[in-house]
Amino acid sequence: AAFPGAAAPPGVFQQGPPTTAFPGVWFGQAPGFAPPPAAGQPMGGQGAPGEPAAQRGPGVPRYSYAANQQAYPEYTAQAAPVQPQVDPVVEAFWRDEQQSNALAYFAWACSSGFECLPGPIGGQWNVPSVSFRNAPGTIVRCKKCKAYMNPYVTWSHNSRRWNCNLCGYNNETPSNYQSFLDDQGKRGDRNERPELQYGSIDYLSPGEQYCARPPQPPVFIFVIEVGYTAVQSGFLDAVAAGLKQVVADRSYPGGSRTKMAIVTYDTSVHFYKLGANLSQPQMVVVSDLEDMFLPLAEDILVSAEECENTILTLLDTLPGMFRSTKLNESCLGSAVRAAEIATKHIGGRMMIFSSTIPTLGEEKLTLKQSREQTKSSAQADKEAELLRPAIVGYIDKAQALSGVQSTVELFVAPQSYVDLASLRPLAELSGGDLHYYPQFNYQQQGEKVQQEIVHTMTREMGWEAVMRIRISRGWKLSQYYGHHQRRGQDLLVMPSCTSDQTFTVVAEMDEGTVPDPVVTVQCALLYTNSSGERVIRVHTYGCLTVQSPQEVVNHVDPQAVAVTLGHLMMETQRPPREAKLAEARNYLNQQCQKIVAAAQNSPNAESLMTIPLYVLGLLKSPALRASNDTPVDLRGYFWSRLGSLSVPLTVAFCYPRMFSLHDLDLATGEAGDEGRIVLPQTLNLTAQCMVGHGVFLIEDGHQMMMWLGRQVSPDFLFSVFQVQAIEQLDPNAAAELFAPANIGAATDPLAIKVQNIIGAVRSERIPFMRLEIVRQQLDQGETKFFQYLVEDRTLGLQMSHQEFLQRLGHRPAGAAAAGTPQRGY
């Protein structure tokens, strides 16, 4: 059951892609939790490689995956007291679940659900694989529910029959899969069969059994706007530079199998012939925007390796070809149609680069607001309407692209309003992501665009993927969140999936049923890897059910609940409800009130009081704050981003990390025992933790800001920035010292430490985080920095954390009588 009085669902399952060289999904082991520290006290805790340490509280187990493929804790988390008269099924579960569950590092689990974490690709997080390429039909599955073989099934008749742990059906075992049973009823060959030992497994499947067509090669088609805004802002130069880097380095996946195409557009669509035998690419223009067609029979979609020189030549010349253009209108819809025609026989990843609102051709848009209204989305009567698509054309296009195995990755770099609410479904519903660079300037944001293009093209990807999640009898999956298409009731379609994506699934109990002592969730993702292999990644997670709602309350994971509340809040803005943003804010306030009431009645549920802190951060974020500094397109971008963020990145968005850089000790900023840079202790987000002579770094997973106090030491300024006084510091030039190309170039010991810290923080986050430097009382961006201090009163919500808790009805012990506000952790 859910916590008492709350409207959150009784079970929440969130999964994301794997941390190995594959995009996948999984479930894992429940971590412990420690609340944030008191004001001025540091946050502790260690994370797994690639995970920000401060995002997990002290006591959270960190897991390794050793060469023998057994997960083991490096230190022990607190366990719930063992109840007397343990059920034999429960006792067996406790004995086996550490090895039998999906890899423990991959999931963020709690009594109300599971939240899976993204992580570094490759490294030690390897999933064991089983090959059935030479044995078609031997992947053993339940005949009734189609669940895959896993460690939790039970055996009988000397392994000739087995009971499915999800639906209970008694299956016959294929003759070539039988073995003897030991005195505990377990398979005698289980140590030789990874699928009987581990909850995470890769099946290398026979192609003819799981393929409707030959495996798809990696395909990239670049749809690039070349109008006046894109050229003059430098966006076209940044795009060309990023693409050239990937093509020249051959760092894209798939090697010789990879294919590429380039289409450009302004008021017409331009195709390019890229044959390997051409000395120069040839351009053909199509001006009929309402009846798009392919003007070339061949050499539009070509081998990236064979035609590398032609592709690089075109990318080199593109910015110069359109440097003097005066065309400032866009036919984006027609260009997408052109790319769809070019790749409909094969599918792939469509990377679209746009700078202006599409006002020509298919699915053209018009301004929904006057100039005055575009300044902010805080107009109560119009903001909700402006966050919804004006037309359904791009929704229909996304569905059509998904049907031909094409995904859209949308990069938008405008100078003004572009109706992002209408454009973003193109990426979201085709399984892609939205990248947004408002008021784009090459000097300030060019590096970010290039880094994100490189990351987007070089990460591991799964192609033509479908995913299905199954759960034990007595439970049902009621809601699915994330960037995908749903086919039927439970099949998630992702033409291209990556290790940056996260999906949330809500589970509910069936009415009138008594759940089994152990509930099992199994997620199976069928995909083609970049080498052309069909793979099924299966993750199985089992957990115990409890009869006492109090136990659920006492073991809730606040970060998992906060993420789920965000999804449920966004659901209020979708049809048929289509509520105003004020109602979305009220929804979060109401849920927090119920959570606070539950915590007041549960003395052992201190972690519940962390949920209002995350919700307060969300209310003060650009996604929800009611202020005049949030353009409607920017708000829409953050809504899209929240739709598929992982738990750590969502937590960082709601409650950013802040470090002090002016008081580093000897070890901080240097490589530790494991070779990782030691970061400073994390501070609470309040001005009480800041001093006028300090230097503070804050990051929310999207951007970094450095604040320098007016009284900062001249020694610090000279060591790090080579200036004597803060007035001499140029913020833009200073930020360039911490660009990726300059990390490691410093010679001063203090500058090296600061560069190491910024480089380490940046490496933990996706997407690339640009650094902005602001000086106290000298730069306008200082206001933006203080909006991150969510525990204080901010421009978006004039309410501190303590005041917010009091408004929700929280009364710490002893505080009610004295009337003194106290910290509500």
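Here the residue numbering is sequential within each chain, running from 1 through the sequence in written order. Only residues with pLDDT of at least 70 get local features here, since the model is predicted, and only at 80 or more are side-chain atom pairs given and counted; chain-wide, interface and lining totals rely on the full set of residues. The basis for every side-chain value is the complete set of non-hydrogen atoms in the structure, without hydrogens or water.

Draft legend 1. Focus on the overall build of the chain. Tallying secondary structure elements over the chain gives 23 helices and 29 strands in all. Taken over 825 residues, the chain has a buried fraction of 59%. Every residue pair with non-hydrogen atoms within 4.5 Å of one another is taken to be in contact. A sequence separation of at least 24 residues applies to 73% of the contacts in the chain between residues at least 6 apart. All accessible areas in this document rest on Shrake-Rupley with a 1.4 Å probe, and a residue is counted as covered only by the protein chains that are shown. On the chain, roughly 31600 Å² of surface is accessible, and the fraction owed to carbon and sulfur atoms is 48%. Helix and strand labels come from DSSP, where a helix needs a run of H or I of at least four residues and a strand needs a run of E of at least two; each type is numbered from the N terminus. Working definition: with a 1.4 Å probe on protein chains only, accessible area under 20% of the residue-type maximum means buried, over 50% means exposed, and in between means partly exposed.

Draft legend 2. Spatial organisation of unusual backbone geometry. The omega angle of the peptide bond from Ile766 to Pro767 is 10°, so this bond is cis rather than trans. Tracing the backbone through its elements, the reader meets Pro767 in the loop between helix H20 (749-763) and strand E29 (770-775). In the Ramachandran plot, His157 falls in the positive-phi region, its phi being about 55° despite a non-glycine side chain. With respect to the helices, strands and loops of the structure, His157 is situated in the loop between strand E7 (154-156) and strand E8 (161-163). The phi torsion at Gln777 lies on the positive side, around 65°, for a residue other than glycine. Mapped onto the elements of the fold, Gln777 is located in the loop between E29 and helix H21 (782-787). Judged by relative accessible area, Gln777 falls into the exposed class, the value being 59%.

Draft legend 3. Fine view of the pattern of salt bridges. Definition used for salt bridges: Asp or Glu carboxyl oxygen within 4 Å of a side-chain nitrogen of Lys or Arg. The full count for this structure, using the stated rule, is 26 salt bridges. In this structure, Glu340 engages Arg337 in a salt bridge whose closest nitrogen and oxygen atoms are separated by 3.5 Å. One end of the pair, Glu340, and the other, Arg337, are both in helix H6 (residues 332-343), 3 residues apart, so they sit about a helical turn from each other. Since its relative accessible area comes to 29%, Arg337 is described here as partly exposed. Because the salt bridges share partners, they merge into one network encompassing Arg187, Asp189, Arg193 and Glu195.

Draft legend 4. Representation of the sheet that holds E8 in the model. Criterion used throughout: strands pair if DSSP finds at least two bridges between them. Ordered by their spatial adjacency, 3 strands build an open sheet running E7-E8-E9, and the pairing between neighbours is antiparallel. Strand pairing shows two members of the sheet lacking a second neighbour, E7 and strand E9 (170-172), which therefore form its edges. Between one strand and the next, the sheet's axes are offset by a mean angle of 30°, whatever the strand orientation. Simply put, an axis is a line fit to the C-alpha atoms, just over the touching stretch for a helix, and the angle between two N-to-C directions goes from 0 to 180 degrees.

Draft legend 5. Broad picture of the nonpolar core. Counting residues in hydrophobic clusters, the biggest one holds 105 residues, and the most contacted among them are Val269, Ile352 and Met658. For this core, the element with the most residues is helix H14 (residues 581-600), which contributes 9 residues. Definition of nonpolar core: a set of buried residues of the types Ala, Val, Leu, Ile, Met, Phe, Trp, Tyr and Cys, connected through side-chain atoms within 4.5 Å. Of all hydrophobic cores here, the second largest spans 38 residues; its members include Tyr272, Phe353, Tyr437 and Ile453.

Draft legend 6. Geometry of helix H13 (residues 558-571). To estimate the expected span of a helix, subtract one from its residue number and multiply by 1.5 Å. Here H13 contains 14 residues, and its C-alpha end-to-end distance of 20 Å stays within 8% of the 20 Å for a straight helix at 1.5 Å per residue. With 13 of its 14 residues buried, H13 lies for the most part within the structure. Here a polar contact is recorded for every N or O atom pair within 3.5 Å, except that within protein the pair must consist of a potential hydrogen donor and a potential acceptor, and residues adjacent in sequence are included only if both atoms are side-chain atoms. The backbone nitrogen of Gln559 has a side-chain oxygen 2.9 Å away, supplied by the residue at the start of H13, namely Asp557.

Draft legend 7. Seen up close, the packing of helix H4 (residues 235-249) against helix H5 (residues 308-321). Where H4 contacts H5, the two axes come as close as 9 Å, and the packing angle between them is 165°. Viewed along their axes, H4 and H5 adopt a mutual orientation that is roughly antiparallel. Between H4 and H5 lies a crossing of left-handed hand. Residues Leu236, Asp237, Ala240, Leu243, Lys244, Val247 and Ala248 of H4 touch H5, and the partners they reach there are Glu308, Ile311, Leu312, Leu315, Asp316, Leu318 and Pro319. Classification convention: Asp, Glu, Lys, Arg as charged; Ala, Val, Leu, Ile, Met, Phe, Trp, Tyr, Cys, Pro as nonpolar; all other residues, Gly among them, as polar. In terms of residue class, the contact of H4 with H5 is built from 10 nonpolar, no polar and 4 charged. Here the angle decides the label: under 35 degrees means roughly parallel, over 145 means roughly antiparallel, 65 to 115 means roughly perpendicular, and every other value means oblique. Crossing chirality is assigned from the near helix's rotation relative to the far helix, an anticlockwise turn below a right angle marking it left-handed and a clockwise turn marking it right-handed.

Draft legend 8. Main features of the environment of Glu385. By the element assignment, Glu385 lies in helix H7 (residues 383-386). Distance in space between the C-alpha atoms of Glu385 and Lys580 is 8.0 Å, their sequence separation being 195 residues.

Draft legend 9. Here's a closer look at a nonpolar patch on the surface. On the surface, Met283, Val285 and Met321 cluster together into a nonpolar patch covering about 250 Å² of accessible area. With respect to the secondary-structure elements, Met283 resides in strand E14 (residues 282-286). Candidate patch residues must exceed 30% relative accessible area and have no salt bridge, after which like charges are joined if within 9 Å and Val, Leu, Ile, Met, Phe, Trp or Tyr side chains if within 5 Å.

Draft legend 10. Spatial organisation of the side chain of Ser268. If you trace the backbone, Ser268 turns up in the loop between strand E12 (259-265) and strand E13 (269-273). For Ser268, a relative accessible area of 9% translates into the label buried. Here His270 takes part through its side chain, which lies 3.2 Å from a polar atom of the side chain of Ser268. Once residues within four sequence positions are removed from consideration, Ser268 is found in contact with Val285, Val286, Ser287, Leu289 and Cys331.

Draft legend 11. Region of the structure containing the pairing of strand E22 (residues 491-498). In terms of burial, E22 is a largely internal element, 8 of the 8 residues being buried. Sheet analysis places strand E19 (residues 461-471) next to E22, joined by 7 bridges and oriented antiparallel. Within E22, the position partnered with Met467 by the bridge is Leu492. In this antiparallel pair of consecutive strands, strand E21 (residues 485-487) and E22, the connection spans 3 residues, and Gly488 shows a positive phi of 75°.

Draft legend 12. Spotlight on the packing of aromatic side chains. Working definition: a ring pair exists when centres of Phe, Tyr or Trp rings (six-membered ring for Trp) sit within 6.5 Å. Plane angles under 30 degrees give stacked, over 60 give edge-to-face, the rest tilted. With the rule as written, the count across this model stands at 16 aromatic pairs. Judged by centre distance (6.5 Å) and plane angle (45°), the rings of Trp155 and Trp162 are tilted. Under the relative-accessibility criterion, Trp155 is labelled buried at 13%. Taking 5.9 Å as the distance between ring centres and 85° as the angle between the ring planes, the aromatic pair formed by Phe220 and Trp463 counts as edge-to-face. With Phe220 in strand E11 (residues 219-225) and Trp463 in strand E19, the pair connects residues that are 243 residues apart, well separated along the chain. Here the aromatic residues Phe235, Phe353, Phe411, Tyr437 and Phe440 are joined through ring pairs into a cluster of three or more. Over a ring means this: the NZ of a Lys or the CZ of an Arg is within 6 Å of the ring centre and within 35 degrees of the ring normal. Across the ring face of Trp155, the terminal group of Arg187 is positioned such that the distance to the ring centre comes to 4.6 Å.

Draft legend 13. Focus on the packing of H14 against helix H15 (residues 611-620). Relative orientation of the contacting elements H14 and H15 amounts to 170°, with a least axis distance of 10 Å. Accordingly, the angle class assigned to the pair H14 and H15 is roughly antiparallel. Crossing handedness for the pair H14 and H15: left-handed. Contact residues: H14 offers Arg585, Leu588, Asn589, Cys592, Ile595 and Val596, while H15 offers Ile611, Pro612, Val615, Leu618 and Leu619. Here the contact of H14 with H15 is built from residues that sort into 9 nonpolar, 1 polar and 1 charged.

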